[in-house]
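Chain residues, written in single-letter form:
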Amino acid sequence: MEKSDLGRESIMNISLICFTRDGFETMKRINDTLSGASEAFANASCPEHRDRSAKTEDRSCEGGTLYQFLWIAGRYALQLAATDAGVPYQAVPEGGLSEWTKEAFLRDDALIFVGACGIAVRSIAPYVRDKFQDPAVVCVDEAGQFVIPLLSGHVGGANRLAEMVASGIGAVPVVTTATDVEKKFAVDVFAKDHGFVITDRKLAKEISADILAGEPVGVFSDFGFSAWKKIPEGLFEDRICKRNLWITVSGKEKKGIPENRVLRLIPRCVALGIGCKRGTPVEKIRTAVESAMERNGIDLRSVFAAASIDIKKQEQGLIEFAKELQVPFLTFSSEELNGQPGDFPESEFVQKTTGTGNVCERSAVAACRLGVRASECRILIHKEAEDGVTVAAAYYMIGKSGEKCGSGRKIERIE
């Protein structure tokens, strides 16, 4: 099985493994529970905020499909599974548990061990990295009485998965979510719930530690605070503290605060509009976009979509560039682009060639307006040209505290 491709529609891979006859029966009950729980768990736990590739710290997600795979280890469990026609399964070779766990850590979003906690702990121990990368790991006893989240409780969603499994099989979830510590603000959970990219993991951990220690943390937002229900306890609006949070799409330092004292949380709310000549290679497109973003001080990780006119929907360079960013490539007809509100600089040549006088700015606005009002969408970068490529960017105002942005909006028109 290949590792899932986490795009706009995220696929959740969950592997269940058992070791005994009783464990096999419990695993079948868990499988039945998860079979009807795709949307609930996918919405509750967005795994692409864990960077298993170590190349990007955030990937967009919304809802998705949950795939569970049943694995059997142990001679007697395999004998029982072999005579049971109820569920398909895959066998773990005798003595191959360590290798299986290693592969599962890279492949899956969650692992459920049905058996002793000691087996689970010893199996995963060599492969544990950090909560931003590790999959959720849950342990269920063979009788199906208790469900324990072992790893990645918050960011990976193990706590929520444990509660879901326990509810489905009538077990007791051993999840300590009511402690004072877990009621306090945590950067990773905050970023996950809002769909923000964390730019510095070390600083994020230090800020969470400050909150636990009662140290004040400043919070700044380029999108304002008027829609927030309340500022989380421990955060102080527009106040420079020892450490600070800054919600922004900016790629620059915040004026007045040293870089090592401010953590940028980047909402994915920027759409790129790109125009190019036929056959333009991805290298030229990448260079033009990166140059435009750098000149304007915009972090490329804020991008949730790339867009152009529909006559470019098969343009390989644009398709490859969108794949590099791990965002959808959206295209719009000339009529749709001409219908976008706003004042755009028009090119007579482009008008004759494509049917619209401005491809990149209108495309960026069209992508941003999928699901938001026109008044909430603004041009961020006006048309810039480099080596035959035109680039523009637009963004939309992110919603209320607790609502996801970019990755939380439904985008149906994916090429």
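Each chain carries its own residue numbering, running from 1 in the written order of its sequence. For a predicted model such as this one, the threshold for reporting local features is a pLDDT of at least 70, and the threshold for listing and counting side-chain atom pairs is 80 or more; totals across whole chains, interfaces and linings nevertheless cover every residue. For the side-chain quantities, the full set of heavy atoms in the structure was used; hydrogens and water were omitted.

(A) Region of the structure containing the packing of helix 10 (residues 282-295) against helix 11 (residues 316-325). Interaxial distance between helix 10 and helix 11 falls to 8 Å at its minimum, and their mutual angle equals 55 degrees. By the angle class used here, helix 10 and helix 11 are oblique. Regarding helix 10 and helix 11, the two cross each other, and that crossing is right-handed. On the side of helix 10, the interface is formed by Val282, Ile285, Arg286 and Val289, while helix 11 contributes Gly317, Leu318, Glu320, Phe321 and Glu324. For the contact of helix 10 with helix 11, a count of residues per class yields five nonpolar, one polar and three charged. Fitting a line to C-alpha atoms yields each axis, with helices limited to the stretch in contact; the angle taken between N-to-C directions then spans 0 to 180 degrees. Here a helix means four or more residues in a row that DSSP labels H or I, a strand means two or more in a row labelled E, and each is numbered from the N terminus. To sort the angles, those under 35 degrees are grouped as roughly parallel, those over 145 as roughly antiparallel, those from 65 to 115 as roughly perpendicular, and the leftovers as oblique. Crossing handedness is read from the near helix: turned anticlockwise from the far helix by less than a right angle, it gives a left-handed crossing, and turned clockwise, a right-handed one. Residue contacts follow a heavy-atom distance rule, with two residues in contact if any of their heavy atoms lie within 4.5 Å. In this classification, Asp, Glu, Lys and Arg are treated as charged, Ala, Val, Leu, Ile, Met, Phe, Trp, Tyr, Cys and Pro as nonpolar, and every other residue, Gly included, as polar.

(B) Here's a closer look at unusual backbone geometry. Positioned with a positive phi, glutamine 326 is a non-glycine residue whose angle comes to about 60 degrees. Backbone geometry places aspartate 387, a non-glycine residue, at a positive phi of 55 degrees. Mapped onto the elements, aspartate 387 comes out in the loop between strand 16 (377-386) and strand 17 (389-396).

(C) Broad picture of helix 1 (residues 21-35). The span you would expect from a helix comes to 1.5 Å times its residue count less one. In this model helix 1 runs 21 Å from its N-terminal to its C-terminal C-alpha over 15 residues, within 8% of the 21 Å that 1.5 Å per residue would give. Note on exposure labels: buried denotes an accessible area under 20% of the residue type's maximum, exposed denotes more than 50%, and partly exposed covers the range between, all computed with a 1.4 Å probe on protein chains only. Taken as a whole, helix 1 has its buried residues at Gly23, Phe24, Thr26, Met27, Lys28, Ile30, Asn31, Thr33 and Leu34. Throughout this description, a polar contact denotes any pair of N or O atoms lying within 3.5 Å of each other; where both atoms belong to protein, one of them has to be capable of donating a hydrogen while the other can accept it, and for residues adjacent in sequence the pair is counted only when both atoms sit in side chains. N-cap assignment for helix 1: the residue whose side-chain oxygen lies 3.0 Å from the backbone N of glycine 23 is threonine 20.

(D) Representation of the packing of aromatic side chains. A pair of Phe, Tyr and Trp rings is counted when the ring centres sit within 6.5 Å of each other, with Trp represented by its six-membered ring. The angle between the planes then sorts it: under 30 degrees is stacked, over 60 is edge-to-face, the rest tilted. Taken as a whole, this structure holds nine aromatic pairs when the rule is applied. Ring plane angle 65 degrees and centroid distance 5.9 Å describe the contact between tryptophan 71 and tryptophan 100, whose orientation is recorded as edge-to-face. You can see tryptophan 71 sitting in strand 2 (residues 65-72) and its partner tryptophan 100 sitting in helix 4 (residues 97-107), a full 29 residues away along the chain. Like tryptophan 100, tryptophan 71 is buried. A ring pair is formed by phenylalanine 225 and tryptophan 228, whose centres lie 5.2 Å apart and whose planes are at 65 degrees; its orientation type is edge-to-face. Like phenylalanine 225, the residue tryptophan 228 is buried in the burial classification.

These figures capture arrangement, not role.
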